[in-house]
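Fold and geometry: a report
This is what each chain is made of:
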Amino acid sequence: MAYSDKVIDHYTNPRNVGTLDKSSHKVGTGLVGAPECGDVMRLQIQVDENNIITDAKFKTFGCGSAIASSSLATEWLKGKTVDDAMKIDNMDIVEELALPPVKIHCSVLAEDAIKAAINDFRVKNGMEPIALEKTHH
Amino acid sequence: MNIPIYLDNNATTPMDPRVLEAMLPYFNEKFGNAASRNHPFGWVAEEGVDYAREQVAKLIGASEKEIIFTSGATESDNLAIKGVFEMYKEKGNHIITTVTEHKAVLDACKHVEKLGGKVTYLPVKVDGIVDLDVLEAAMTPETILVSIMYGNNEIGVIQPIKEIAAIAHKHGALFMTDATQAVGKIPVDVNTDGIDLLALSAHKIYGPKGVGALYVRRKGPRVKVTAQMDGGGHERGMRSGTLNVPGIVGLGKACEIAGQEMESEAKRLSTLRDKLEASLTQLDESYVNGNVEHRLPHVANISFKYVEGEGLMMAMKDLAVSSGSACTSASLEPSYVLKSLGLSDDLAHSSIRFGLGRFTTEEEVDYAIEVTKKAVTHLRELSPLWEMFKEGIDLDSIEWAEH
Ligand SMILES: Cc1ncc(COP(=O)(O)O)c(C=O)c1O
Ligand code: FES
């Protein structure tokens, strides 16, 4: 399969690989798996008192597209408010990375991981988790 | 060193220049139809074919009259299985094979089932080898054929051919073997092994693509197969079609060279393979698939746990190798051979087959070791599963998204 240059770039030089302190109340962790292929993504955000994401890290067990999607997601997350982060749509990732149709679910995984991380953060800080509708494509 | 490095010699091999040289005259100067009996053009072509028949026969300890030229091992497998089923249907309708066979055998057997035949697909043990007791128990008075491959194309495991043949014969069945991966790589002798039918292919032994042979025993017992293609009655009526003279000459030459160089090549390749394997199994959680004692000298199939298969292939793009999956779609099909050894889908996907060959150098093997180690390490650094495994965390805590 031919990958786009952007996928290859993120795959070869993934940004923000790593682990944040899961027990910190400032950190939200999302760990999700794609049943289609068995791939697994872990995405973490660190949020400051102004509700701004100051750091994001990921680790992904998955194909090149999944690795690139999560790497890109961490880049996008940094500096965003949690509310804006909630608006990241998997199709934005598909477009940016020029993912082919069979690789769309890899971007869905990234969107799910973002939302799972946000909800983990919300619950830890006494907020209701946001009900996730199936918005992605 | 040319990148990517070709380490997929179980899929196909590059032609040996000596084979090409032997073939060339048969494209133009010696273009005759080997079946033309009335003029020298035909005779010259026939001479080339006859010589090739001897070369092929010699490599497997057969007589040249027992060699039927075909378009490759797929055709040979089909001709043997369907041809025996048709020829011996008065005697019985049961065929025994194994789950790790090449698709050419498995699908020919499926075809036989559609025609009313019964087929038993024997499981293999975790090391890929057939359990002889299970084989013996599967034999029935209706069994006409046992078809079990010599060396496996994915893991290289060599079956106990002599013992299998003895069991088949004890119960009055014929024994056929798909020896595509074994012929020319390890000693194969149809008489000491007790083989009645054997499939081989030129392009796995540094010969051209699209040509192969079926060995059909002529004495003790005299075996016959019903032709699967109607026409001019070539190849003793078992395979019609004008002979592919240049291809056949190439197959013959390839067999001759393989016979001469087998012993030293097997030593050289198994040394390189063992080096590769020893280095790669130094990585944590990496496993060699299949029996390591009864194995072709040039194959290593290794699984790397906690590494995703498609990502692995991407990281190894400088190596032309095969993976345990067909990584072209979202619905990845893991290798049925690896699954039949009891590997999980995940582990099958993260398995790599390294197939060394006549033109593989030590420098290339060293490079392959380096690339693979780097790839596995890179992907594990990226893998949450690896981290969880290292920390002893239960992988069941993953939330599987529902889409
Ligand atoms: C064990 C085995 N049988 C049969 C075949 C098919 O051979 P051919 O390509 O000559 O049809 C192959 C090669 O793919 C093989 O490895
Ligand atoms: S193939 Fe499943 S995440 Fe990419």
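Rules and cut-offs
- Residues numbered from 1 in each chain as written.
- Chains lettered and ligands numbered in written order.
- Predicted model: local features only at pLDDT ≥ 70, side-chain atom pairs only at ≥ 80, totals over all residues.
- Heavy atoms only, no water.
- pLDDT = per-residue confidence, 0-100.
- Contact = heavy atoms within 4.5 Å.
- UniProt positions renumbered as here; feature names shortened; annotations may be inferred.
- Helix = DSSP H or I, 4+ residues; strand = E, 2+ residues; numbered from the N terminus.
- Near = heavy atom within 4 Å.
- Polar contact = N/O pair within 3.5 Å; in protein donor to acceptor, adjacent residues only side chain to side chain.
- Areas by Shrake-Rupley, 256 points an atom, 1.4 Å probe, with all protein chains shown as cover.
- Nonpolar A, V, L, I, M, F, W, Y, C, P; charged D, E, K, R; others polar.
- Buried < 20%, exposed > 50% of the residue type's maximum accessible area, 1.4 Å probe, protein only.
- Lys, Arg positive; Asp, Glu negative; His and termini not counted.
- Salt bridge = Lys/Arg side-chain N within 4 Å of Asp/Glu carboxyl O.

Bringing the confidence of the model for chain B into the picture now. All names here are of chain B. Across chain B, pLDDT averages 95, with 96% of residues at or above 70. Throughout residues 326–331 the model reports pLDDT below 50, and contacts reaching past four residues in sequence, or to other chains, amount to 11 contacts. Across the interfaces of the predicted complex, the ipTM metric reaches 0.87, alongside a pTM of 0.92.

Quick look at the UniProt feature "domain: NIF system FeS cluster assembly NifU N-terminal" (unreviewed entry) in chain A now. When the UniProt feature table is mapped onto this chain numbering, "domain: NIF system FeS cluster assembly NifU N-terminal" (unreviewed entry) sits at residues 2–126 of chain A. Measuring from the first to the last C-alpha atom of residues 2–126 of chain A gives 45 Å, for a span that is 44% helix and 21% strand.

Another point: the site of ligand 1. Residues and elements named next belong to chain B. What surrounds ligand 1 is a group of 13 residues, the closest being Thr74, Asp178, Gln181, Ser201 and Lys204. Contacts to ligand 1 include serine 201, whose side-chain N or O atom sits 2.6 Å from an oxygen atom. At a separation of 2.8 Å, an oxygen atom of ligand 1 approaches a polar side-chain atom of histidine 203. Burial of ligand 1 by the surrounding chains reaches 85%, relative to a free accessible area of 400 Å². For the shell around ligand 1, the element with the highest residue contribution is helix α3 (residues 73–87), accounting for three residues. Tallied by class, the residues present in the shell around ligand 1 amount to two nonpolar, eight polar and three charged.

The subject of this paragraph is the side chain of lysine 204 of chain B. Residues and elements named next belong to chain B. Assignment of secondary structure puts lysine 204 in the loop between β7 (197–201) and β8 (212–216). Lacking a salt bridge, the buried lysine 204 has aspartate 8 as its closest oppositely charged neighbour, with an N-O distance of 8.4 Å. In this structure the side chain of lysine 204 is engaged in a polar contact, spanning 2.8 Å, whose partner is the backbone oxygen of alanine 11. Those residues in contact with lysine 204 that sit more than four places away from it in its chain are Asn10, Ala11, Thr13, Thr180, Gln181 and Lys185.

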